[in-house]
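One-letter residues, chain by chain:
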Amino acid sequence: PGADGSSGQFLKTDGSGALSFATVSTPTVFPTHIDIWRITSDMGLSSGNYLTSNWSRADQSGAAGQLTALKGAQVTQSSGVFTFPTTGIWQIMFQIEIYKNGACRWFEAGMIGTVDNFSSERVLATGYASLFSSGANTHSSARTSTFYKVSNVSNNKIKFRVNMAAGVTNESSTTANNTWVEFVRVSDI
């Protein structure tokens, strides 16, 4: 490759001693895409809820937003269903911060995937948290991650669901990762 990282040429032989030129392509540098989405309003949650509203892509404006790294074409979202801009192996990391003035013995955050645009679905990963009753709001975070193979951007999609022993509220922010998901494309298929 050239000094600037561009494609280059080199001499090769066909085995009989004849020389010819061949082109060398610059390898892909990963990650090629980084995207962050946040829940921007606190919401009361109950068992079986899908997180379908109040999602917003991380903002890169203002002093605080300039610290957020985003790269490549963005993942898109509609009613809590996330669609990928390109095929590849994606690392997905999800965290939900919860709070309650009371106890919640167990709280589950689940990442749900599909290969057929949600005609069917499968739990890909779960994370757990619990809250104790302290007489004031107590906080905890459930976090989970997976590597997801996106071979068809029309059919491979992701959404998020919660289950719990008692109703809780999620913690949100427009400027920080409280309840959030990160998408990082780490490899070609």
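The structure under discussion appears in the preceding block.
Owing to the predicted nature of the structure, the values given are computational and were not obtained by experimental measurement.

A. Focus on the pairing of strand β9 (residues 88–100). With ten of 13 residues buried, β9 lies mostly within the body of the structure. In this structure, β9 lies alongside strand β12 (residues 138–150), joined through 13 bridges in antiparallel fashion. Its bridge partner being in β12, W90 is matched across the sheet by Y148. Sheet topology places β9 next to strand β15 (residues 180–187); seven bridges connect them, and they run antiparallel. Bridge pairing links I92 to F183 in β15. When β9 meets strand β14 (residues 168–170), the two strands line up antiparallel, connected through two bridges. From the neighbouring strand, Y99 faces β14, where its bridge partner is T169.

B. Here's a closer look at unusual backbone geometry. Of note, the amide linkage connecting F30 to P31 takes the cis form, showing an omega dihedral of 5 degrees. Even without a glycine there, the phi angle at N54 is positive, about 65 degrees. Here N54 shows up in the loop between β5 (49–50) and β6 (55–57). One non-glycine residue with positive phi stands out, namely F118, at about 65 degrees. The topology assignment puts F118 in the loop between β10 (104–114) and β11 (122–131). You can call F118 buried: its relative accessible area is 18%.

C. How the structure looks around the environment of S119. Within the fold, S119 resides in the loop between β10 and β11. Look at S119 and you get exposed, because its relative accessible area is 68%. In this structure the C-alpha to C-alpha distance between S119 and N155, which are 36 residues apart in sequence, comes to 9.4 Å.

D. Here's a closer look at the pairing of β15. Extensive coverage of β15 is indicated by the burial of six of its eight residues. Across six bridges, strand β3 (residues 33–39) lies against β15 in antiparallel orientation. Following the sheet pairing, H33 is matched in β15 by R185.

What counts and how
Residues numbered from 1 in each chain as written. Predicted model: local features only at pLDDT ≥ 70, side-chain atom pairs only at ≥ 80, totals over all residues. Heavy atoms only, no water. Buried < 20%, exposed > 50% of the residue type's maximum accessible area, 1.4 Å probe, protein only. Helix = DSSP H or I, 4+ residues; strand = E, 2+ residues; numbered from the N terminus. Pairing = 2+ DSSP bridges.

As far as function goes, none of this settles anything; it's purely spatial.
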